[in-house]
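In case you want the letters, here they are:
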Amino acid sequence: MTLAGLVLPLKWHVLANAVGAVCLLLIGHPVAAAAAFVSWSLMAVAHDRLLEGLINASDDVESQAGFRKLGILCAVRTGVYLAPAAFVALSGRPAELFLFGLQAATMWGVGLSAGILSRWLFWAFAGPAVAAAGGLAVFLLPPLAGAGVLLTLATLVLVLVIMTETSRHVIGAWHDAFLDNLALIGDLEQARDQAIAQRA
């Protein structure tokens, strides 16, 4: 079910990639925009084909091993999507930094949502954005200012981890309660059938 939810028709990927490329174009990077559109679209095709393979093999794969494979795949895709914005942000200009910051925030939001299912998925989406943001801070800022930004970034990561861990435990408890209820229904049906048989 998790894998199926990640598969979208190619046209929606292309549309989203076009919007992202236009954003790069509008801030003055036509070459990066063209390269981003091509690389993102190729990655979308490859990602969906690999997902289909994971879906077909999912019945024979233990859930944690499956999440690990999915996490690696999503981390590569996240890195490909962030690379153009991170590259142009090396200029240090405001528009490029804003664009990268918004893309990184998007990945952190997706990571927060996906992290409810698995730590692997959280880090697959959030990890590349954290690494890129930290790298930009080190590259663009003097040591003291960079340390302040890195400390803030570490605080953000800590907050995201706490939120995903808490949510995952709550949802896990709900899931266990649901399974217990399903088992109870079976026991009650069996008891009912036995009572009917005894009366007959």
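Refer to the structure above for everything that follows.
Residues numbered from 1 in each chain as written. Predicted model: local features only at pLDDT ≥ 70, side-chain atom pairs only at ≥ 80, totals over all residues. Heavy atoms only, no water.

Draft legend 1. Quick peek at the overall build of the chain. The helix and strand inventory of the chain stands at seven helices and zero strands. Listing the helices and strands of the chain from first to last along the sequence gives α-α-α-α-α-α-α. When burial is assessed residue by residue, the chain has 32% of its 200 residues classed as buried. A separation of at least 24 residues holds for 68% of the contacts in the chain among residues at least 6 apart in sequence. Put simply, the chain shows about 12100 Å² of open surface, and 73% of that area lies on carbon and sulfur atoms. (Helix = DSSP H or I, 4+ residues; strand = E, 2+ residues; numbered from the N terminus. Buried < 20%, exposed > 50% of the residue type's maximum accessible area, 1.4 Å probe, protein only. Contact = heavy atoms within 4.5 Å. Areas by Shrake-Rupley, 256 points an atom, 1.4 Å probe, with all protein chains shown as cover.)

Draft legend 2. Layout of the packing of aromatic side chains. Under the defined criterion, the tally for this structure stands at two aromatic pairs. Seen in terms of ring centroids, Trp40 and Tyr81 are 5.4 Å apart; in terms of plane orientation they differ by 5°. Their pairing is stacked. Pair noted here: Trp40 is in helix α3 (residues 30-57) and Tyr81 is in helix α4 (residues 63-89), with a separation of 41 residues, a long-range link. Pair check on accessibility: Trp40 and Tyr81 agree, each one buried. When the centroid spacing of 4.8 Å and the interplanar angle of 75° are considered together, the rings of Phe122 and Trp123 count as edge-to-face. You can call Phe122 buried: its relative accessible area is 3%. (Phe/Tyr/Trp six-rings, centres within 6.5 Å; stacked < 30°, edge-to-face > 60°.)

Draft legend 3. Representation of the nonpolar core. Grouped together as the largest cluster of nonpolar side chains are 26 residues, with contacts concentrated most on Cys74, Phe100, Trp108, Leu121 and Ala129. Where this core is concerned, the elements lending two or more residues are α4, α5 (94-114), α6 (119-140) and α7 (143-199). It is α6 that provides the largest number of residues to this core, a total of nine residues. If we ignore the near neighbours within four places in the chain, the residues touching Phe100 are Leu82, Ala85, Ala86, Ala89, Ala129, Ala132, Ala133 and Leu136. Within the second largest apolar cluster, 10 residues are counted, among which are Ala21, Leu24, Ala32 and Trp40. (Core = buried A, V, L, I, M, F, W, Y, C linked by side-chain atoms within 4.5 Å.)

Draft legend 4. The pattern of salt bridges, seen in detail. All chains considered together, the criterion is met by two salt bridges. Note that Arg93 is salt-bridged to Glu96, the shortest N-O span being 3.2 Å. By relative accessible area, Arg93 is classed as partly exposed at 44%. Residue Glu165 pairs with Arg119 through a salt bridge whose shortest N-O separation is 2.8 Å. With Glu165 in helix α7 and Arg119 in helix α6, the pair connects residues that are 46 residues apart, well separated along the chain. Residue classification places Arg119 among the partly exposed residues on the basis of a relative accessible area of 48%. (Salt bridge = Lys/Arg side-chain N within 4 Å of Asp/Glu carboxyl O.)

Draft legend 5. Fine view of a nonpolar patch on the surface. A cluster of nonpolar side chains, contributed by Leu10, Val14, Phe37, Val38, Leu42 and Val45, occupies part of the molecular surface with about 470 Å² of accessible area. Of all elements in the fold, only α2 (10-26) and α3 reach the threshold of two or more residues within the nonpolar patch. Here the nonpolar patch gets four residues from one element, more than from any other, and that element is α3. Within the secondary structure layout, Val38 lies in helix α3. (Patch = residues over 30% accessible without salt bridge, like charges linked within 9 Å, V, L, I, M, F, W, Y side chains within 5 Å.)

Draft legend 6. Region of interest: the packing of α5 against α6. Axis separation between α5 and α6 bottoms out at 7 Å; the angle between their running directions is 155°. When the interaxial angle is binned, α5 and α6 end up roughly antiparallel. Regarding α5 and α6, the two cross each other, and that crossing is left-handed. Along the contact surface, α5 presents Leu97, Phe100, Ala104, Met107, Trp108, Val110, Gly111, Leu112 and Ala114, while α6 presents Leu121, Phe122, Phe125, Ala126, Ala129, Val130, Ala132, Ala133, Leu136 and Leu140. Partitioned by chemical class, the residues of the contact of α5 with α6 number 18 nonpolar, one polar and no charged. (Axes fitted to C-alpha atoms, helices over the stretch in contact; angles between N-to-C directions. Parallel < 35°, antiparallel > 145°, perpendicular 65-115°, else oblique. Left-handed = near helix turned anticlockwise from the far one by under 90°. Nonpolar A, V, L, I, M, F, W, Y, C, P; charged D, E, K, R; others polar.)

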